[in-house]
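What follows is each chain in one-letter form.
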Amino acid sequence: AQTVTQSQPEMSVQEAETVTLSCTYDTSENNYYLFWYKQPPSRQMILVIRQEAYKQQNATENRFSVNFQKAAKSFSLKISDSQLGDTAMYFCAFMTGTNDYKLSFGAGTTVTVRA
Amino acid sequence: EAQVTQNPRYLITVTGKKLTVTCSQNMNHEYMSWYRQDPGLGLRQIYYSMNVEVTDKGDVPEGYKVSRKEKRNFPLILESPSPNQTSLYFCASGTYRAGGELFFGEGSRLTVL
C-alpha cells in the first residue's frame, strides 16, 4: 500500500512571496505518478501539477513548480509570486503506473496568502 | 461543458434513513470513483468502477454500496447511515490512461445526526 505524508498542516505566506509545501510518499513501485491538487473554499478539487516518476525533469505550470526527488521519495510544491487566489488546501496525491487509477492522498496543507 | 455532477450538495439526515448521492459525468469516462474527505485524513477511496457493471471496494467501503448500470452514472448508497459517515464526499471520473487526470465533482456535504 502506498502512503502519502504532508507534514505541514498549515502555512502562511505574504502576497508575492514564495512558499514551499512538502510531501513524502512510500512505495515499492518504480513507475508511478504524483499530483498536487488545490481545494479552494469552493471545495472544488483542481489539478495543479502532475509529475511522471520516470521523468527526471521537474514539472512546472506557470507559478507552480515541483522538486521531485525520486530516491528520497519527496515531491514538494513551490508556489512563486503567491496571489490571494492561491489561498486553499493543497493535497499531494500518488497513483501507481499499473491499471489502477486510485489516487492516494496526503492529509493536506492549508495555505493562507496574506495581503 | 465537461463536468461531474453530484447531488445533493448538502444533506442533513438521521441515523438509519437510507440515502443516495447521485453522480453523473458527461465525458464518456470508463472509470468512476467515490472518495470521502475527513479532516487530517485527506481523501480516501470508498468504491470504484472500471466500467458498466464492474465495481470494486476501495479503502473504506464499509457502510456503502454502489452500482454502475449506465456508463455516465455512479450513485453512492448509504443503506443505514451512521454518524461516522458524516463527511464530505467526492465523485471522480477519468479515462483509461496511466497517470491520467481524475475529474472531480463539487462535493456533497453529508451530516448524519
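Residues numbered from 1 in each chain as written. Chains lettered and ligands numbered in written order. Predicted model: local features only at pLDDT ≥ 70, side-chain atom pairs only at ≥ 80, totals over all residues. Heavy atoms only, no water.

Caption draft 1: Spotlight on the nonpolar core. Residue and element names in this part refer to chain A. Counting 25 residues, the largest nonpolar core has Leu-21, Tyr-25, Trp-36, Phe-75, Leu-77 and Tyr-90 as its most contacted members. Looking at this core, the elements that each hand over two or more residues are strand 3 (19-21), strand 5 (32-39), strand 6 (46-52), strand 8 (64-69), strand 9 (74-79), strand 10 (88-96) and strand 12 (109-114). The greatest single-element share of this core, amounting to four residues, is contributed by strand 10. Among all residues touching Leu-21, those that are not within four sequence positions of it are Gln-8, Met-11, Trp-36, Ser-76, Leu-77, Ile-79, Tyr-90, Thr-109 and Val-111. (Core = buried A, V, L, I, M, F, W, Y, C linked by side-chain atoms within 4.5 Å. Buried < 20%, exposed > 50% of the residue type's maximum accessible area, 1.4 Å probe, protein only. Helix = DSSP H or I, 4+ residues; strand = E, 2+ residues; numbered from the N terminus. Contact = heavy atoms within 4.5 Å.)

Caption draft 2: The arrangement of the packing of aromatic side chains in detail. In this structure the tally under the stated criterion is 16 aromatic pairs over all chains. When the centroid spacing of 5.7 Å and the interplanar angle of 85 degrees are considered together, the rings of Phe-105 of chain A and Tyr-35 of chain B count as edge-to-face. On the criterion of chain membership, the pair formed by Phe-105 of chain A in strand 11 (residues 104-105) and Tyr-35 of chain B in strand 4 (residues 31-38) is interchain, its members lying in two chains. Each member of the pair, Phe-105 of chain A together with Tyr-35 of chain B, is buried. Ring geometry for Tyr-35 of chain B versus Phe-104 of chain B: centroids 6.0 Å apart, planes at 50 degrees, classification tilted. Note that Tyr-35 of chain B is positioned in strand 4 and Phe-104 of chain B in strand 10 (residues 103-104), a separation of 69 residues in sequence. Accessibility expressed as a relative area gives 5% for Phe-104 of chain B, which makes it buried. Taken together, the ring pairs in this structure connect Phe-35, Tyr-37, Phe-91 and Phe-105 of chain A together with Tyr-35, Phe-90 and Phe-104 of chain B into an aromatic cluster. (Phe/Tyr/Trp six-rings, centres within 6.5 Å; stacked < 30°, edge-to-face > 60°.)

Caption draft 3: Up close: the environment of Arg-36 of chain B. Residue and element names in this part refer to chain B. Counting through the fold element by element, Arg-36 comes out in strand 4. Here Arg-36 falls in the buried class, since its relative accessible area comes to 8%. For the pair Arg-36 and Lys-17, spaced 19 residues apart in the sequence, the C-alpha separation amounts to 19 Å. Apart from the residues within four sequence positions on either side, Arg-36 is in contact with Gly-42, Leu-43, Arg-44, Ile-46, Val-60, Tyr-64, Asn-84, Gln-85, Thr-86, Ser-87, Leu-88 and Tyr-89. In this structure the side chain of Arg-36 is engaged in a polar contact, spanning 2.8 Å, whose partner is the side chain of Asp-38. There is a polar contact of 3.0 Å between the side chain of Arg-36 and the backbone oxygen of Asn-84. (Polar contact = N/O pair within 3.5 Å; in protein donor to acceptor, adjacent residues only side chain to side chain.)

Caption draft 4: Region of interest: the interface of chain B and chain A. Every contact between the two is made by 28 residues of chain B and, on the other side, 21 residues of chain A. Roughly 1,900 Å² is buried in total at the junction of chain B and chain A, and carbon and sulfur atoms are behind 53% of that figure. In this assembly, chain B and chain A are joined by one salt bridge. The salt bridge involving Asp-59 of chain B is made with Lys-102 of chain A; its shortest N-O contact spans 3.0 Å. Along the contact surface separating chain B from chain A lie seven residue pairs in polar contact (both at pLDDT 80 or more). Every element with two or more residues in the side of chain B that touches chain A is listed here: strand 4, strand 5 (42-51), strand 9 (87-94) and strand 11 (108-112) of chain B. Of all the elements, strand 5 of chain B adds the most residues to the side of chain B that touches chain A, at four residues. (Buried area = accessible area lost by both parts, 1.4 Å probe. Salt bridge = Lys/Arg side-chain N within 4 Å of Asp/Glu carboxyl O.)

Caption draft 5: Examining the pattern of salt bridges more closely. All chains considered together, the criterion is met by 10 salt bridges over all chains. One salt bridge in this structure joins Arg-44 of chain B and Asp-38 of chain B, with 2.8 Å as the shortest N-O distance. Relative accessible area serves as the criterion here: at 26%, Arg-44 of chain B is assigned to the partly exposed category. Where salt bridges share partners, they join Arg-50, Glu-52 and Lys-55 of chain A into one cluster.

Caption draft 6: Molecular detail of the state of the cysteines. One pass over the full model with this rule turns up two disulfides over all chains. The disulfide partner of Cys-23 of chain A is Cys-92 of chain A, and the gap between their sulfur atoms is 2.0 Å. With the S-S bond torsion at -70 degrees, the cross-link from Cys-23 of chain A to Cys-92 of chain A turns out left-handed. With Cys-23 of chain A in the loop between strand 3 and strand 4 (24-26) and Cys-92 of chain A in strand 10, this pair connects stretches of sequence that are 69 residues apart. Accessibility expressed as a relative area gives 1% for Cys-23 of chain A, which makes it buried. Between the sulfur atoms of Cys-23 of chain B and its disulfide mate Cys-91 of chain B the distance is 1.9 Å. Since a negative S-S torsion denotes a left-handed disulfide, the Cys-23 of chain B-Cys-91 of chain B link at about -75 degrees is left-handed. One end of the pair, Cys-23 of chain B, is in strand 3 (residues 19-25); the other, Cys-91 of chain B, is in strand 9, and 68 residues separate them in sequence. (Disulfide = S-S within 2.5 Å.)

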